[in-house]
Amino acid sequence: MAHERMIPMLPCRDIDELAEFYQALGFTRTFRQTRPNPYVSLRREDIELHFFGMPDAFDPAESYGTCGVFVPSTFELHAAFAAGMREKYGKLLVSGIPRMTRPRKRKNVSYQPGFTLIDPGGNYVRFFPLKELPDGAEDKSKLAVAMDNAVVMGDSHGDPAQAAKILDGALRRTAPDTPAADLVEALAYRAELAVTQEDHERARELLEQLRRVTLDDADRLRLADALTNVADLEAILAQARP
């Protein structure tokens, strides 16, 4: 048979809180019921997600809910989601629940640039490009290799503490000839992990170290997304300053 369809049904504690979050990202609520069981469905173009409520027996931090969504461009969709977050919440959400990672090449999925949305139900909704891109597994500096490993732990496995440990060790051992672009990417991601862990003092130290790295025009072009990330982190830290 052809033209089959499969829609994930994921848990949440509050269907209305969850719907409000997704509507801020450009989704439209297509169905809602409270009896006999809480249930809500949402759609954004061809992306459709359904959720069932477990108001009395559910902790989002303990959720195992996850699904994969394949889209034409993870970078464009991430930018749209980020704009919705800034409008709704005044900032990009990178810590707590809900939050969102950035599109990064993940070595555990052939270096495809994916990002993860952790919604108010604690569900990991993982976005990947519909068309497979070149795997990007070229010769790399030791710091870039460590960055790849940290991204798998932090973004795919949801373990920012282990990702931070990997990068801290690699940054301490950074060779003098490490490309500046690799150093900036690692520092930017490590700062993001610090914000995710709500260690704002450490995040500020890392961003100050990043500012001292000299980049040429080619580096800045390559690092456009990472530098946008830095600007978002600076805005978050400015709001968090006592």
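Provided above is the structure to which this section pertains.
Values in this document were obtained by computation on a predicted structure and should not be read as measured data.

Criteria and thresholds
Residues numbered from 1 in each chain as written. Predicted model: local features only at pLDDT ≥ 70, side-chain atom pairs only at ≥ 80, totals over all residues. Heavy atoms only, no water. Helix = DSSP H or I, 4+ residues; strand = E, 2+ residues; numbered from the N terminus. Buried < 20%, exposed > 50% of the residue type's maximum accessible area, 1.4 Å probe, protein only. 1 Å grid on protein atoms, 1.4 Å probe; cavity = no way out; pocket = protein on both sides within 12 Å on 5 of 7 lines; lining within 4 Å. Points joined across faces, edges and corners; volume = space filled by probe spheres on them. Core = buried A, V, L, I, M, F, W, Y, C linked by side-chain atoms within 4.5 Å. Contact = heavy atoms within 4.5 Å. Pairing = 2+ DSSP bridges. Axes fitted to C-alpha atoms, helices over the stretch in contact; angles between N-to-C directions. Disulfide = S-S within 2.5 Å.

Description of unusual backbone geometry
Okay, step 1: Following R35, the chain continues into P36 via a peptide bond in cis, with omega recorded as 0°.
Okay, step 2: Looking at the element boundaries, P36 is found in the loop between β2 (28–33) and β3 (39–44).
Okay, step 3: The backbone of E45 sits at a positive phi, close to 55°, despite the residue not being glycine.
Okay, step 4: Tracing the backbone through its elements, the reader meets E45 in the loop between β3 and β4 (47–53).
Okay, step 5: When its relative accessible area of 63% is taken as the criterion, E45 is described as exposed.
Okay, step 6: We note that E198 has phi near 60°; this positive angle belongs to a residue other than glycine.

Remarks on empty space enclosed by the protein
Empty space left among the atoms is revealed by rolling a probe the size of a water molecule over them.
Okay, step 1: For the structure on display, the rule yields one cavity of 30 Å³ or more.
Okay, step 2: Surrounding the largest cavity, 14 residues form its lining, R99, T101, G154, D155 and T196 being those nearest its centre.
Okay, step 3: Elements with a contribution of two residues or more to the lining of the largest cavity: β6 (99–100), α3 (142–156) and α5 (180–196).
Okay, step 4: Ranked by residues supplied to the lining of the largest cavity, first place goes to α5 with four residues.

So, the nonpolar core
Okay, step 1: Core analysis: the largest hydrophobic core is formed by 62 residues, its most contacted members being Y22, F51, F81, L117 and F127.
Okay, step 2: Of all the elements, α5 adds the most residues to this core, at 11 residues.
Okay, step 3: Not counting residues within four places of it along the chain, the set of residues in contact with F51 comprises L10, P11, C12, I15, L18, Y22, P38, Y39, V40, L42, D119 and N123.

Some details on the sheet that holds strand β1 (residues 9–12)
Okay, step 1: A sheet is described by the order of its strands in space; here four strands give the open sequence β1-β4-β3-β2, paired in mixed fashion. Strand pairing shows two members of the sheet lacking a second neighbour, β1 and β2, which therefore form its edges. Taken over all neighbouring pairs, the strand axes of this sheet differ in orientation by 25° on average, direction set aside.
Okay, step 2: Relative to β4, β1 runs parallel, the two being bridged by four bridges. Note that in β4 the partner of M9 across the bridge is H50.
Okay, step 3: Against the sheet, helix α1 (residues 15–24) engages β1, β2, β3 and β4, with an angle of about 5° to β3.

Concerning the environment of D199
Okay, step 1: Within the fold, D199 resides in the loop between α5 and α6 (200–211).
Okay, step 2: As a C-alpha pair, D199 and M9 span 190 residues in sequence and 34 Å in three-dimensional space.

Here we look at the state of the cysteines
Okay, step 1: The full count for this structure, using the stated rule, is zero disulfides.
Okay, step 2: C12 forms no disulfide, and the closest cysteine sulfur to it belongs to C67, at a distance of 13 Å.
Okay, step 3: According to the relative accessible area criterion, C67 is buried, its value standing at 11%.

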